[in-house]
Amino acid sequence: NSFVPRTNTCGELRSAHVGQEVTLYGWIQYQRQGLFLVLRDFQGLTQIIIPQDEEHSHVKKLLSSAPVESVVRVTGTVSPRPPGQENPKMPTGDIEVKAETAEILNSCKKLPFEIKDFIKKSEALRMQYRYLDLRSFQLQYNLRLRSQIVMRMREYLCNLHGFVDVETPTLFKRTPGGAKEFVVPSREVGKFYSLPQSPQQFKQLLMVGGLDRYFQVARCYRDEGSRPDRQPEFTQIDIEMSFVDQAGIQRLIEGLLQYSWPEEKGSLTTPFPSMTYEEALADYGTDKPDTRFGMKIVDISDFLRRSDIQFVQSALSYPRGTVRAICIPRGVRYLKNKDLEALKESAKSQFDQEIVEIICRPDGSLKSLLTKFLGEKQQSELIQALNMQVDDVVLLAAGEHKQVCSVLGSLRLASADLLEAAGLVLRDPTAFHFLWVVDFPLFLPKEENPTELESAHHPFTAPHPSDTSLLYSDPTKVRSQHYDLVLNGSEVGGGSIRIHSAEQQRFVLEKVLKEDSEVLSHLLEALEFGAPPHGGIALGLDRLISLIVDAPSIRDVIAFPKSFRGRDLMGNAPDYVTPEELEPYHIQVSWPLAEKEAKKS
């Protein structure tokens with residue numbers, strides 16, 4: 001309450017304050033028949049008793065007629081609530097304040113929605129009136145917790161481990177590869193800035209500059225269009241260190257998260273488990289596994305190799321051919337036929353992959369199209385291999401290794417959603433399962449042209465020490481020194497040890513990726529001036545906080561987020577700019593014909 005005229009907040013009064021005269025400021029959350037109201041501020045709620053005597057009739061008139069969400073000042077005396085009227089659900093539920101004077105500081109007009117967490121509001125309405133939505137308890141909690149976590153991270157990095165907080169430029173130039181960047185016009189004809197996807201180059205240059213340990217709460221920008229649960233501008237905890245290896249970065253991040261982790265969310269156990277990219281793909285069908293539940297993918301290729309099933313034999317005849325399956329526990333009991341059909345249909349439409357189901361009947365026998373090709377002994381072995389129980393449902397896929405694992409990984413998550421919707425709890429909502437995924441491939445074939453390669457992450461990632469020679473002979477087989485941090489099936493961080501040799505960096509850009517290295521000439525030149533070995537990581541702050549508070553969307557942990565389509569519905573941005581305003585930037589807008597007509601009308 002320093003620097004302000006209130007004596008207390010609305011969340012701090014208790015029985016110990018009885019008899020004290022207090023001055024409170026806040027919003028009227030609720031008012032009942034001119035008898036009492038509930039006053040709310042950032043910290044909580046206090047019940048205010050409206051005086052009924054003639055002497056305070058002006059106070060009664062003022063508070064009884066004030067609309068909900070009006071801002072008021074109330075001065076009065078703290079009193080115990082009458083016996084039996086205490087509210088154990090409110091921290092201030094043992095007391096009330098008997099109002100003596102009051103002032104309406106600002107009246108509130110008719111609200112577009114009620115300021116209550118349990119009232120359902122459309123996302124668009126919430127975004128349009130974000131300043132009202134911010135008054136809700138949940139958003140207040142999310143933003144305050146976010147602030148506390150960031151403050152603890154600063155303490156850990158700067159005060160305990162000697163990191164330097166450095167702001168890097170927002171106006172820069174295009175970076176090859178990666179996500180699409182926003183461009184910003186300049187007054188030089190035909191020249192544009194780009195907003196950086198991350199401070200990647202700058203943090204490497206800071207290591208060349210000898211800062212040794214850098215961090216920043218960095219604003220980053222990606223023009224990714226309409227992607228669910230992504231934001232065009234977002235925040236990273238950005239970190240870089242000199243003379244460090246992969247294990248050093250991992251220990252730093254584990255310590256950082258342990259130190260900044262909210263007490264009410266339990267404690268974190270370190271070190272976090274680790275698995276390779278290949279293990280993650282084989283067992284979970286994804287490079288960001290949710291390890292809170294089982295249902296792992298099982299390889300049954302060797303078991304079915306002896307069978308006469310044609311599609312199985314066809315799949316296994318290919319070099320990377322495989323037959324794999326997942327077992328859905330009690331699937332018969334919890335899933336309807338339409339659910340199983342929907343799972344098979346999604347595999348067909350998204351992956352062009354056929355799925356065969358196997359059901360374990362109450363008598364222990366199997367029901368499937370495959371059973372006629374399998375003897376009793378083989379069926380028994382299959383049940384054992386998949387650890388099937390009565391009422392379990394198995395989904396089986398055959399084909400190329402990566403595709404089969406990917407489709408089963410997708411079905412694993414979709415099945416878990418269906419089981420939980422039907423009442424079977426698989427994933428503990430209070431559990432936090434961190435996981436390191438390591439040994440990613442350094443390069444991947446381009447989707448549009450598989451004969452060409454692109455960086456699996458970005459072109460500055462160093463090859464695995466054991467695979468350096470392969471970089472020059474067979475780059476497709478090179479593993480990288482990249483590492484991802486996964487929490488409950490979501491990627492919350494990613495980093496790598498960087499290339500610190502100008503010669504190797506030039507080779508990767510020009511020979512492997514076929515990129516114009518001139519765009520990065522400043523970085524390549526810097527690497528020639530005694531660049532130390534270095535590495536780093538970036539934690540996605542928005543995603544991390546949204547998982548900690550179990551928010552349905554990252555928009556719920558950002559004060560002023562953009563909509564699904566990247567628009568600011570409150571301020572109506574982006575907006576049109578007049579030709580006169582564009583003139584200094586040598587830009588003219590070329591309107592599509594339909595838009596020209598629409599603007600005329």
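Scroll up a little and you will see the structure.
Quick caveat: nothing in here was measured; it's all calculated off a predicted structure. (Residues numbered from 1 in each chain as written. Predicted model: local features only at pLDDT ≥ 70, side-chain atom pairs only at ≥ 80, totals over all residues. Heavy atoms only, no water.)

A. Fine view of the state of the cysteines. The final tally for this structure, using the stated rule, is 0 disulfides. Free cysteine: Cys 360, not disulfide-bonded; nearest cysteine sulfur from Cys 327 at 8.3 Å. Note on Cys 360: relative accessible area 4%, which makes it buried. (Disulfide = S-S within 2.5 Å. Buried < 20%, exposed > 50% of the residue type's maximum accessible area, 1.4 Å probe, protein only.)

B. Region of interest: the pattern of salt bridges. Scanning the model with the defined rule gives 37 salt bridges in all. With its nearest N and O atoms 3.2 Å apart, the salt bridge here joins Asp 133 to Arg 130. Here Asp 133 and its partner Arg 130 are both found in helix α3 (residues 130–133), 3 residues apart, which amounts to about one turn of the helix. Given a relative accessible area of 3%, Asp 133 falls into the buried group. Residues participating in the shared-partner salt-bridge network are Glu 123, Arg 126, Arg 130, Asp 133, Arg 555 and Asp 556. (Salt bridge = Lys/Arg side-chain N within 4 Å of Asp/Glu carboxyl O. Helix = DSSP H or I, 4+ residues; strand = E, 2+ residues; numbered from the N terminus.)

C. Just the packing of helix α4 (residues 137–161) against helix α17 (residues 541–548), in detail. Contact geometry for α4 and α17: axes closest at 11 Å, N-to-C directions at 120°. Of the possible angle classes, the one that applies to α4 and α17 is oblique. The hand of the α4/α17 crossing is right-handed. Contacts between α4 and α17 pair Asn 142, Leu 145, Arg 146, Ile 149, Val 150 and Met 153 from the former with Leu 541, Asp 542, Leu 544, Ile 545 and Ile 548 from the latter. Taken together, the residues that form the contact of α4 with α17 break down as 8 nonpolar, 1 polar and 2 charged. (Axes fitted to C-alpha atoms, helices over the stretch in contact; angles between N-to-C directions. Parallel < 35°, antiparallel > 145°, perpendicular 65-115°, else oblique. Left-handed = near helix turned anticlockwise from the far one by under 90°. Contact = heavy atoms within 4.5 Å. Nonpolar A, V, L, I, M, F, W, Y, C, P; charged D, E, K, R; others polar.)

D. Spotlight on the layout of surface pockets. There is about 740 Å³ of room inside the second largest pocket. Forming the walls of the second largest pocket are 26 residues, and the residues nearest its centre are Arg 40, Asp 41, Gly 44, Leu 45 and Phe 137. Elements supplying a minimum of two residues to the lining of the second largest pocket: β1 (21–32), β2 (36–40) and α4. No other element matches the 4 residues that α4 contributes to the lining of the second largest pocket. When grouped by side-chain class, the residues that make up the lining of the second largest pocket number 12 nonpolar, 8 polar and 6 charged. (1 Å grid on protein atoms, 1.4 Å probe; cavity = no way out; pocket = protein on both sides within 12 Å on 5 of 7 lines; lining within 4 Å. Points joined across faces, edges and corners; volume = space filled by probe spheres on them.)

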